[in-house]
Amino acid sequence: MQNTNTLDAIVIGAGFAGMYQLISLRDKLGLRTRVLEAGSGVGGTWFWNRYPGARCDSESHSYMYYFSKELVQEWEWSERYPQQPEILRYLNHVADKFDLRRDISFDTRVTGANFDEAKNQWVVKTEAGETLRAQFLITAVGCLSSANVPNTPGLDRFAGQWFHTGAWPHEGVDFKGKHVGVIGTGSTGIQAIPMIAKEADHVTVFQRTANYSLPANNAPLTEDFKQYAKAHADEIYEIMTTNGNGHPFHIEKRKAVETPADEIEQIYEAAWQKGGLQFRATFEDLLVSNDANKTAAEFIQRKIRQLIKDPVKAEILADIDHPFAAKRPPIDSNYFDTFNRDNVSLVSLRDAPMQEIVPAGIKTTEKVYPLDIIVFATGFDAMTGSLLKLNIEGLGGRKLNDDWQAGPRTYLGLQIPGYPNLFTITGPGSPSVLCNLPPAIEQHVEWITDCIKHMRTHQLETVQTSDRACDQWQQEVDRAANATLLPQVKHSWYLGANVPGKPRVFMPYAGGLSHYRSICNDVAADGYRGMRFS
Ligand code: N01
């Protein structure tokens, strides 16, 4: 039997975004709101990504909500970069504190959503056959939540076990005594490989594209730092929200191309020792000038060659074909040093591409590598994958999957023409994955909440953006990307290149979080320019 529930708002996803959206709509505006979550608990990314070594690359004191001063003051992080279990504990603490679970349906996967024009309502269907209706539909499905398992021939015949890092078994995986193959050397592979190598009998890393990585220099937080972060919370928040990337540091106002070589070296060495993504902030021209970028790229490549004892491995790891930070730069704990272990070998798929998976293991053009376990650290169908899986239908039955066949089109990454009363938190066309995500999420949630409040105050039923506003915004997204080196990398997931058949469109907004925030504020102050109410 089908249930029909009518609400004011439905939110899809109970990660950082969905939880704050629930707090905002339910507790600030008094809306009847329900969150639908596929997992059996809160946490989103941090609920699913339980692979060994899973850790955040943003510093803990910036990877949290700032909307509640009380919450900021009461939560205590233990390390500079929090591990997945600690982030999940934090999000569960938030769920308890704000009594969120009573309005979240867990184990509830959305299979379709269509707009009922006669009633101005979204009709949302779940896998269990439930139907819910609401005036507003807000997607909080995350940018990196649709796992990308390559369509490699033979996987179904593999005699061992295989796992994708983004859907890791809750009970963990026992690597003891096993021969393990890890495919992928993005942020995830770089975190997982050192941990798996400690446990497994042997690890073979299959690298398609060599990657930069910076030392995280992770450590327990000192009592002094914990006190500092609490006492200066307002200041830290101000820095995070007035710079381009949402991190708690500013990009230095100096250019590598105008700095003498010996000074550059000292600056990079200090940043390398300090560790973390601040390396990217050492010069303001690193992402806009190839000459500037080369100074950073060459410094890191030199470091990699120094760290790896075996010259063949060193060459494979340091042979990087793209500018530094033009793909998301990972940070690591002992990643390069792991290749000095006797039980770790490295295969360059550039030199010998993978042909198929055979029952015994992975077969490249060179040989078969016998394996007991294959770990796919192969990333995600980023930014659009999880949205398209929702099977959203808008006005006149138009389908999002058709409308986005040539790539995503949004207004501010927040609205899509033809889909009234639908808001997408950190959608394509917003800074999202180019930022530390919690401040980007807070900005979106607050903007959406203000927009809905405006509608309630003025008794407006629907809001939708126009094709014209969307086209103009897409031009701005392209302009911002083309002002940087980011689109130069043709095999980046920012462009959708990691998923065969996906259109190559640069998806996130590269104009910076603070600039983007001021555009969104202007749009709202100008009566929500580019959006039509009725
Ligand atoms: O995924 P990726 P990820 N055959 O797409 C390779 C976030 N994150 O999960 O570069 C062989 O970056 C692929 O090779 P190539 C963070 O934003 C955050 O590592 O496409 N190899 C690449 O090496 C990050 O950027 C945290 O040639 C294949 C790897 O797999 C994002 O998640 C922690 C292949 C995929 O790298 C994604 O990172 C971890 C194939 N068919 C991750 N297909 C935080 O701190 C793909 N590859 C919050």
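Structure's up top.
Reading guide: rules and limits
- Residues numbered from 1 in each chain as written.
- Predicted model: local features only at pLDDT ≥ 70, side-chain atom pairs only at ≥ 80, totals over all residues.
- Heavy atoms only, no water.
- Buried < 20%, exposed > 50% of the residue type's maximum accessible area, 1.4 Å probe, protein only.
- Helix = DSSP H or I, 4+ residues; strand = E, 2+ residues; numbered from the N terminus.
- Pairing = 2+ DSSP bridges.
- Axes fitted to C-alpha atoms, helices over the stretch in contact; angles between N-to-C directions.
- Core = buried A, V, L, I, M, F, W, Y, C linked by side-chain atoms within 4.5 Å.
- Contact = heavy atoms within 4.5 Å.
- Salt bridge = Lys/Arg side-chain N within 4 Å of Asp/Glu carboxyl O.
- Expected span 1.5 Å × (residues − 1).
- Phe/Tyr/Trp six-rings, centres within 6.5 Å; stacked < 30°, edge-to-face > 60°.
- Lys NZ or Arg CZ within 6 Å of the ring centre and 35° of its normal.
- Near = heavy atom within 4 Å.
- Polar contact = N/O pair within 3.5 Å; in protein donor to acceptor, adjacent residues only side chain to side chain.

Caption draft 1: Looking closely at the pairing of strand E2 (residues 33–36). Burial along E2 is two-sided: Thr-33 and Val-35 and Arg-34 and Leu-36, pointing in opposite directions, are all buried. The sheet contact formed by E2 and strand E3 (residues 104–105) spans two bridges and is parallel. Residue Val-35 lies in a different strand from E3, and its bridge partner there is Ile-104.

Caption draft 2: Seen up close, the sheet that holds strand E15 (residues 368–370). Taken together, the three strands give an open sheet; going across it, the order is E13-E14-E15, and neighbouring strands pair in antiparallel fashion. The open sheet has two edge strands with one neighbour each: strand E13 (354–358) and E15. Between one strand and the next, the sheet's axes are offset by a mean angle of 20°, whatever the strand orientation. Where E13 meets strand E14 (residues 361–364), four bridges bridge the pair, whose relative direction is antiparallel. Considered in E14, the bridge of Met-354 is made with Thr-364.

Caption draft 3: Examining the nonpolar core more closely. Phe-16, Tyr-65, Tyr-90, Leu-91, Leu-412, Phe-423 and Trp-447 are the most contacted members of the largest nonpolar core, which has 79 residues in total. If we ignore the near neighbours within four places in the chain, the residues touching Leu-91 are Phe-16, Met-19, Val-42, Gly-43, Trp-46 and Tyr-65. Ranked by size, the runner-up nonpolar core spans 56 residues in total, among them Ile-196, Ala-216, Leu-277 and Ile-331.

Caption draft 4: Region of interest: unusual backbone geometry. Of note, Asp-99 is a non-glycine position whose phi angle comes to about 50°, a positive value. Assignment of secondary structure puts Asp-99 in the loop between helix H4 (84–97) and E3. Unlike most non-glycine residues, Ser-432 shows phi in positive territory, near 30°. With respect to the helices and strands, Ser-432 occurs in the loop between strand E18 (422–424) and helix H14 (437–457).

Caption draft 5: Just the pattern of salt bridges, in detail. If you walk through the whole model with that rule in mind, you get 32 salt bridges. The partner of Asp-321 in a salt bridge is Arg-350, with the nearest N and O atoms 3.0 Å apart. Here Asp-321, found in the loop between helix H10 (311–318) and strand E11 (331–332), pairs with Arg-350, found in the loop between strand E12 (344–348) and E13; they are 29 residues apart in sequence, far enough to count as distant. A relative accessible area of 45% means that Arg-350 is categorised as partly exposed. The closest approach of N and O atoms between Asp-526 and Arg-529, which form a salt bridge, is 2.9 Å. Salt bridges here are not isolated pairs; linked through shared partners, they connect Arg-26, Asp-27, Arg-34, Asp-99, Arg-102 and Asp-103.

Caption draft 6: How the structure looks around H4. The first and last C-alpha atoms of H4 sit 20 Å apart over 14 residues, in line with the 20 Å expected at 1.5 Å per residue. Listed in full, the buried residues belonging to H4 are Gln-84, Glu-86, Ile-87, Leu-88, Tyr-90, Leu-91, Val-94 and Ala-95. Buried residues in H4 make contact with helix H1 (16–28), helix H2 (45–48) and helix H3 (69–74). Within two residues after H4, Asp-99 carries a phi angle of roughly 50°, on the positive side.

Caption draft 7: Seen up close, the packing of aromatic side chains. By the definition in use, this model includes 36 aromatic pairs. Taken together, the ring pairs in this structure connect Phe-16, Tyr-20, Trp-46, Tyr-63, Tyr-65, Phe-67, Trp-75, Trp-77, Tyr-90 and Phe-98 into an aromatic cluster. Lying across the ring of Phe-98, Lys-97 places its NZ or CZ 5.9 Å from the centre. When the ring centre of Phe-283 is taken as origin, the NZ or CZ atom of Arg-254, which lies over that ring, is 5.1 Å away.

Caption draft 8: The site of the ligand, seen in detail. In the vicinity of the ligand there are 24 residues, among which Asp-57, Thr-188, Arg-208, Thr-209 and Lys-327 approach most closely. In this structure, an oxygen atom belonging to the ligand sits 2.5 Å away from a main-chain N or O atom of Asp-57. Note that an oxygen atom of the ligand is positioned 3.3 Å from one of the backbone N or O atoms of Ala-377. Here the shell around the ligand takes three residues from helix H5 (residues 187–199), the largest share from any one element.

Caption draft 9: The sheet that holds strand E8 (residues 179–183), seen in detail. Read across the sheet, five strands follow the order E7-E16-E8-E9-E12 without closing on themselves; strand pairing throughout is parallel. Strands with a single pairing partner mark the edges of an open sheet, and in this sheet they are strand E7 (161–164) and E12. Each strand of the sheet is rotated relative to its neighbour by a mean of 20°, with strand direction disregarded. Relative to strand E9 (residues 202–207), E8 is paired through five bridges, and the arrangement is parallel. Bridge assignment links Gly-181 to a residue of E9, and that residue is Thr-204. Lying on the sheet, H10 is in contact with E9 and E12; it crosses E12 at an angle near 50°.

Caption draft 10: View of H14. Taking 1.5 Å of rise per residue, the 21 residues of H14 would be expected to cover 30 Å, and the 30 Å separating its terminal C-alpha atoms lies within 8% of that figure. Gln-459 sits one or two positions beyond H14 and adopts a positive phi of about 50°.

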